[in-house]
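Each chain, letter by letter, is given below.
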Amino acid sequence: MVAELAEIGLRIKGLREACDVTREEMAAELEVPLETYVRWEETGDDVPISAIYHMAHHFGVEFTEILTGTAAKLNTYQVVKNGEGREVDRYPGYHFEDLAWRYTGKIMQPLLVVLDPSDEPAKLVTHTGQEFNLVLEGTVVVTWCDKEFELNAGDSIYFNPEYPHGQRCGGDVPAKFVTIIAE
């Protein structure tokens, strides 16, 4: 896992350098402290999905290419059977599967997310675009600004992700939901 994360950092650094963007410029664009951005390049650790998506768009590559080093190639359709999404581990307690990792030119990013039970508050992030979450199993508590929404299987939320938001498991069994991010 550590080696895979380090490779993500190296891909981010390589893209930034190839596009002649300084670390300072990229950190400012992502609205993170320079030290945080430098750590992302050096270790690949704790890079938010939203930041990877933003950098992919900025550098003109697919989200999946930063995560895996492999460019997407399909542009007609992609079928992903249950359990065959490309695994993307980003945060402890979160398990992501990219559900369109072979599709090129995406205008949205569908991810299957499994949240482990936790008493910790949701880690809040912001990014541009729009986001949709549909709960498949368990209970997901979505924090949006100062509001919390408890969603159960079949419930969904569509929201503006430019406001601080995050998700956490709301029960003692893992929760599963689909998120679709369009930036």
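Residues numbered from 1 in each chain as written. Predicted model: local features only at pLDDT ≥ 70, side-chain atom pairs only at ≥ 80, totals over all residues. Heavy atoms only, no water.

What am I meant to see in the overall build of the chain here?
A count of helices and strands for the chain gives five helices and nine strands. Reading the helices (α) and strands (β) of the chain from amino to carboxyl end gives α-α-α-α-α-β-β-β-β-β-β-β-β-β. Rg of the C-alpha trace for the chain: 16 Å, near the compact-globule value of 16 Å for 183 residues, within the 12% margin. If you line up the chain on its principal axes, its C-alpha atoms span 45 × 40 × 30 Å. Considering the chain as a whole, with its 183 residues, one finds that 42% of them fall into the buried category. As presented, the chain carries roughly 9800 Å² of accessible surface, and 53% of it is formed by carbon and sulfur atoms. If you average the places of the 15 positive and of the 32 negative side-chain charges in the chain, the two averages end up 5 Å apart. (Helix = DSSP H or I, 4+ residues; strand = E, 2+ residues; numbered from the N terminus. Rg over C-alpha atoms; globule rule 2.2 N^0.38 Å. Buried < 20%, exposed > 50% of the residue type's maximum accessible area, 1.4 Å probe, protein only. Areas by Shrake-Rupley, 256 points an atom, 1.4 Å probe, with all protein chains shown as cover. Lys, Arg positive; Asp, Glu negative; His and termini not counted. Charge placed at Lys NZ, Arg CZ, Asp CG, Glu CD.)

Please clarify how the UniProt feature "domain: HTH cro/C1-type" (unreviewed entry) in the chain should be interpreted in this entry.
Listed under "domain: HTH cro/C1-type" (unreviewed entry) in the UniProt record, and renumbered for this structure, are residues 12-66. In residues 12-66, the share of helix is 73% and the share of strand is 0%. The end C-alpha atoms are 7 Å apart. (UniProt positions renumbered as here; feature names shortened; annotations may be inferred.)

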